[in-house]
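Inside the fold
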Amino acid sequence: QQQVKQSPQSLIVQKGGISIINCAYENTAFDYFPWYQQFPGKGPALLIAIRPDVSEKKEGRFTISFNKSAKQFSLHIMDSQPGDSATYFCAARGAGGGNKLTFGTGTQLKVEL
Amino acid sequence: DGGITQSPKYLFRKEGQNVTLSCEQNLNHDAMYWYRQDPGQGLRLIYYSQIVNDFQKGDIAEGYSVSREKKESFPLTVTSAQKNPTAFYLCASTLSSIYGYTFGSGTRLTVV
């Protein structure tokens, strides 16, 4: 019930292409869905987040698409750049208090020239 | 600049020894969290604290202990009871439910 399933595990995209990472959840009580970006040896940094009453949110080249009925959400990175090469985690916040996040298993993105 | 400081960055310990990881924040955040990161498993919650002198177990608390004596500090002790302690440990904090986490840079613990 508390799992967030993330795919793919790794992704290689050409510079200028679109990177797409998908996540799915079971717990309908989740009420906040952030994406984090992590570079090697560093802590994750908040990239973009969405609430379940919104179907899409865009910030620059990064877009979250949210499908509440399918319990799925995805991150799209437009015009992918080598500097976007990092590990991306989706997460979901439970409604049970504590502001706890459940994280997906991560996607290692490599953007090639 | 405000942020979260984790120290040390790398830590080596012999099997059977307890070790304490430091986490300090100057963001005036109320809630603090410890996560463990292993390859292919994402981040798993160890302990969290919403206020001083109070903390709750996360999903994988066995073999770990914490304290929250000051708002700024949330140290994690990895005890000898933790069967597989080698991992990357991340500390995070947040102001309230409408904000995301701020993470520290992590401590990589290796037990030999």
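One structure accompanies this document, and this report is about it. (Residues numbered from 1 in each chain as written. Chains lettered and ligands numbered in written order. Predicted model: local features only at pLDDT ≥ 70, side-chain atom pairs only at ≥ 80, totals over all residues. Heavy atoms only, no water.)

Moving on to the pattern of salt bridges. All names here are of chain A. If you walk through the whole model with that rule in mind, you get seven salt bridges over all chains. Between Lys71 and Glu26 there is a salt bridge, and its shortest N-O distance comes to 3.7 Å. Here Glu26 lies in the loop between strand 3 (19-25) and strand 4 (33-38) and Lys71 lies in the loop between strand 7 (62-67) and strand 8 (72-77), a separation of 45 residues in the sequence. Overall, the relative accessible area of 49% leaves Glu26 in the partly exposed class. The partner of Arg61 in a salt bridge is Asp84, with the nearest N and O atoms 2.8 Å apart. Of this pair, Arg61 sits in the loop between strand 6 (56-59) and strand 7 while Asp84 sits in the loop between strand 8 and strand 9 (86-93), placing them 23 residues apart in sequence. The class of Asp84 is buried, set by a relative accessible area of 5%. (Salt bridge = Lys/Arg side-chain N within 4 Å of Asp/Glu carboxyl O. Helix = DSSP H or I, 4+ residues; strand = E, 2+ residues; numbered from the N terminus. Buried < 20%, exposed > 50% of the residue type's maximum accessible area, 1.4 Å probe, protein only.)

Residue and element names in this part refer to chain B. Within the open sheet, the four strands sit side by side as 1-3-8-7. Their pairing is antiparallel. Bordering the open sheet on either side are strand 1 (4-7) and strand 7 (64-66), each of which pairs with just one other strand. Direction aside, the axes of adjacent strands within the sheet are offset by 20° on average. By the bridge criterion, three bridges tie strand 7 to strand 8 (residues 76-78) in an arrangement that is antiparallel. What sits directly across from Tyr64, in strand 8, is Val78. (Pairing = 2+ DSSP bridges. Axes fitted to C-alpha atoms, helices over the stretch in contact; angles between N-to-C directions.)

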